[in-house]
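Inside the fold
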Amino acid sequence: MTIEEIERLAAWCASAGMGEIELSDAGFSLRLHMQSVVASNPAEAPKAETVFKGVRAPGVGVFRLDHPTTGHPVVGLGQAVRKGETVGVLQIGPCLKAVVAPADGVLGTALAEDGAVVGYGTPLYELV
């Protein structure tokens, strides 16, 4: 299940007034607990959060803007990228995992610094 699917599931549950949901399958388990927010004034009601349209971390590791073996940037900011193109590297111990663009677009600002420890789903780049 992707982070986008989890975000959609959480939004559906919240709009349906569900407080908690748990899913499990062979090798997969997910439990969401939604906290209700009560606005004292309807005009102050929280606005729906927009879905992030950019590049997210595919796992836990150290984010690298420059490829560790070459020392050169993987891709330049402002560069047009295609879906599936490598835009960064996630270093997990001695292993390297490609960070790929989820859609065609132009690579915007890097949201994580080179060498930052990131978790699964952490926003890494804006994609416009």
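One can find the structure itself at the top, above this paragraph.
Residues numbered from 1 in each chain as written. Predicted model: local features only at pLDDT ≥ 70, side-chain atom pairs only at ≥ 80, totals over all residues. Heavy atoms only, no water.

**Digging into the overall build of the protein**
Our working definition: The numbering of helices and of strands both runs from the N terminus, where a helix is a DSSP run of H or I of at least 4 residues and a strand a run of E of at least 2. Each residue is assigned to one of three classes by its accessible area relative to the maximum for its type, calculated with a 1.4 Å probe on protein chains only: buried under 20%, partly exposed between the two thresholds, exposed over 50%. Contacts are residue-level and defined by heavy atoms, with any inter-residue pair within 4.5 Å sufficient. Throughout, the Shrake-Rupley method with a 1.4 Å probe supplies accessible areas, and for residues the shown protein chains are the sole cover considered.
Helices and strands together make up the secondary structure of the protein, namely one helix and ten strands. Moving toward the C terminus, one meets the helices and strands of the protein in the order α-β-β-β-β-β-β-β-β-β-β. Across the 128 residues of the protein, 26% fall into the buried class. Put simply, 53% of the contacts in the protein that link residues at least 6 apart link residues at least 24 apart. Summing over all exposed atoms, the protein offers an accessible surface of approximately 8,400 Å²; the carbon and sulfur share of this is 56%.

**A word on the pairing of strand E7 (residues 95-100)**
Note the threshold: By this definition, two strands are paired if DSSP reports at least two bridges between them.
In terms of strand pairing, strand E6 (residues 86-92) meets E7 through six bridges, oriented antiparallel. Residue pairing for E7: Ile92 is matched across the bridge by Cys95. The turn joining E6 and E7, which pair antiparallel and follow one another in sequence, is formed by two residues; a positive phi near 60 degrees is taken by Gly93.

**Some thoughts on the pattern of salt bridges**
Spelled out, the test is: Here a salt bridge means any side-chain nitrogen of Lys or Arg lying within 4 Å of a carboxyl oxygen belonging to Asp or Glu.
Under the definition given, this model contains one salt bridge. One salt bridge connects Asp104 with Arg82, and the closest N-O pair in it is separated by 3.7 Å. Of the two residues, Asp104 is situated in the loop between E7 and strand E8 (105-110) and Arg82 in the loop between strand E5 (80-81) and E6; the sequence distance between them amounts to 22 residues. Residue Arg82 is classed as exposed on the basis of its relative accessible area of 57%.

**Quick notes on the environment of Phe52**
Assignment of secondary structure puts Phe52 in the loop between strand E2 (28-33) and strand E3 (54-56). On a C-alpha basis, the gap between Phe52 and Leu127 in space is 9.3 Å, while along the polypeptide they are 75 residues apart. Discounting chain neighbours no more than four positions away, the residues touching Phe52 are Leu111, Pro123 and Tyr125.

**What about the side chain of Arg56?**
The condition is simple: In the analysis that follows, any N or O atom pair within 3.5 Å is treated as a polar contact, provided that within protein one partner can donate a hydrogen and the other can accept it, and provided that, for residues neighboring in sequence, both atoms belong to side chains.
With respect to the element layout, Arg56 can be found in strand E3. Owing to a relative accessible area of 15%, Arg56 belongs among the buried residues under this scheme. For Arg56, the side chain forms a polar contact with the main-chain oxygen of Gly121, separated by 2.7 Å. Not counting chain neighbours up to four residues away, the residues in contact with Arg56 comprise Ile3, Glu4, Glu7, Val99, Gly121, Thr122, Pro123 and Leu124.

Remember, this is a structural readout, not a statement about activity or role.
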